[in-house]
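Here's the letter readout for the chains.
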Amino acid sequence: MQPRILPELRPTAERYLAARLDAHTRRYFKKRRLTSLGLPGGIPQRLAFLPRSAAARKVVRRARSIRRSIKR
(Lines give C-alpha, C1' and ligand atoms only; values in the text may rest on other atoms or scores of the structure.)
Protein backbone atom coordinates (compact mmCIF):
# COMPACT_ATOMS: atom_id res chain seq x y z
CA MET A 1 0.00 0.00 0.00
CA GLN A 2 3.07 2.22 -0.20
CA PRO A 3 3.94 2.07 -3.88
CA ARG A 4 6.98 4.33 -3.80
CA ILE A 5 8.78 2.41 -1.05
CA LEU A 6 8.55 -1.13 -2.46
CA PRO A 7 7.24 -1.02 -6.05
CA GLU A 8 8.50 -4.57 -6.70
CA LEU A 9 5.78 -5.91 -4.37
CA ARG A 10 2.92 -4.63 -6.54
CA PRO A 11 2.47 -7.86 -8.55
CA THR A 12 2.35 -9.86 -5.32
CA ALA A 13 -0.24 -7.50 -3.85
CA GLU A 14 -2.35 -7.71 -7.01
CA ARG A 15 -2.30 -11.51 -6.94
CA TYR A 16 -3.19 -11.57 -3.23
CA LEU A 17 -6.10 -9.17 -3.63
CA ALA A 18 -7.42 -10.93 -6.74
CA ALA A 19 -7.40 -14.28 -4.97
CA ARG A 20 -8.32 -13.48 -1.38
CA LEU A 21 -10.34 -10.27 -1.23
CA ASP A 22 -13.72 -11.24 0.19
CA ALA A 23 -16.16 -10.09 2.85
CA HIS A 24 -13.83 -11.23 5.62
CA THR A 25 -10.69 -9.45 4.36
CA ARG A 26 -12.48 -6.40 2.88
CA ARG A 27 -12.36 -4.57 6.23
CA TYR A 28 -8.58 -4.34 6.00
CA PHE A 29 -8.56 -2.71 2.56
CA LYS A 30 -10.52 0.50 1.94
CA LYS A 31 -12.06 0.78 -1.50
CA ARG A 32 -10.84 4.36 -1.90
CA ARG A 33 -7.22 3.30 -1.30
CA LEU A 34 -7.44 0.33 -3.66
CA THR A 35 -8.92 2.58 -6.34
CA SER A 36 -6.26 5.25 -5.93
CA LEU A 37 -3.54 2.61 -6.32
CA GLY A 38 -5.32 0.86 -9.19
CA LEU A 39 -5.46 -2.45 -7.33
CA PRO A 40 -8.14 -5.16 -7.54
CA GLY A 41 -11.12 -4.40 -5.32
CA GLY A 42 -11.29 -0.69 -6.16
CA ILE A 43 -13.68 0.92 -8.60
CA PRO A 44 -14.30 -1.38 -11.59
CA GLN A 45 -12.31 -0.71 -14.77
CA ARG A 46 -15.40 0.35 -16.72
CA LEU A 47 -15.85 3.26 -14.26
CA ALA A 48 -12.15 4.17 -14.13
CA PHE A 49 -12.69 7.10 -16.50
CA LEU A 50 -14.62 8.97 -13.81
CA PRO A 51 -12.62 11.71 -12.12
CA ARG A 52 -11.32 10.86 -8.67
CA SER A 53 -11.29 14.47 -7.65
CA ALA A 54 -13.30 15.36 -4.56
CA ALA A 55 -14.01 18.78 -6.07
CA ALA A 56 -15.46 17.21 -9.23
CA ARG A 57 -17.71 14.92 -7.18
CA LYS A 58 -18.88 17.90 -5.13
CA VAL A 59 -19.84 19.82 -8.28
CA VAL A 60 -21.78 16.81 -9.60
CA ARG A 61 -23.63 16.39 -6.29
CA ARG A 62 -24.55 20.07 -6.29
CA ALA A 63 -25.78 19.89 -9.89
CA ARG A 64 -27.95 16.87 -9.09
CA SER A 65 -29.35 18.61 -6.05
CA ILE A 66 -30.30 21.65 -8.11
CA ARG A 67 -31.85 19.47 -10.81
CA ARG A 68 -33.97 17.63 -8.21
CA SER A 69 -35.17 20.88 -6.66
CA ILE A 70 -36.20 22.25 -10.07
CA LYS A 71 -38.25 19.12 -10.89
CA ARG A 72 -40.43 19.59 -7.80
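In what follows, the accompanying structure is described.

Rules and cut-offs
- Residues numbered from 1 in each chain as written.
- Predicted model: local features only at pLDDT ≥ 70, side-chain atom pairs only at ≥ 80, totals over all residues.
- Heavy atoms only, no water.
- Helix = DSSP H or I, 4+ residues; strand = E, 2+ residues; numbered from the N terminus.
- Contact = heavy atoms within 4.5 Å.
- Areas by Shrake-Rupley, 256 points an atom, 1.4 Å probe, with all protein chains shown as cover.
- Core = buried A, V, L, I, M, F, W, Y, C linked by side-chain atoms within 4.5 Å.
- Buried < 20%, exposed > 50% of the residue type's maximum accessible area, 1.4 Å probe, protein only.
- Polar contact = N/O pair within 3.5 Å; in protein donor to acceptor, adjacent residues only side chain to side chain.
- Patch = residues over 30% accessible without salt bridge, like charges linked within 9 Å, V, L, I, M, F, W, Y side chains within 5 Å.
- Salt bridge = Lys/Arg side-chain N within 4 Å of Asp/Glu carboxyl O.
- Lys, Arg positive; Asp, Glu negative; His and termini not counted.
- Charge placed at Lys NZ, Arg CZ, Asp CG, Glu CD.

This part takes up the overall build of the protein chain. For the protein chain, the helix and strand inventory stands at 3 helices and 0 strands. When the helices and strands of the protein chain are placed in sequence order, the string is α-α-α. Summarising the internal contacts of the protein chain: among those between residues at least 6 apart in sequence, 39% fall at separations of at least 24. For the protein chain, the accessible area works out to roughly 6600 Å², and carbon and sulfur atoms hold 57% of it.

Residues Leu17, Leu21, Phe29, Leu34, Leu37 and Leu39 constitute the largest nonpolar core, which totals 6 residues. Setting aside residues up to four positions removed in sequence, Leu17 forms contacts with Phe29, Leu34, Leu39 and Pro40.

Let's shift gears to the environment of Tyr28. One can find Tyr28 in the loop between helix 1 (10-20) and helix 2 (31-37). By relative accessible area, Tyr28 is classed as exposed at 54%. A distance of 2.8 Å separates the side chain of Tyr28 from the side chain of Arg27, its partner in a polar contact.

This part takes up a positive patch on the surface. A cluster of basic side chains, namely Arg64, Arg67, Arg68, Lys71 and Arg72, defines a positive patch on the protein surface. Note on placement: Arg67 falls in helix 3 (residues 54-71).

Right, let's talk about the pattern of salt bridges for a bit. A side chain with one charge can pair with a side chain of the opposite charge if their charged atoms come near. Tallied over the full model, the rule gives 1 salt bridge. The salt bridge involving Glu14 is made with Arg10; its shortest N-O contact spans 3.0 Å. Of this pair, Glu14 and Arg10 both sit in helix 1, 4 residues apart, which is roughly one turn of that helix. Using a relative accessible area of 33% as the deciding quantity, one classes Arg10 as partly exposed.

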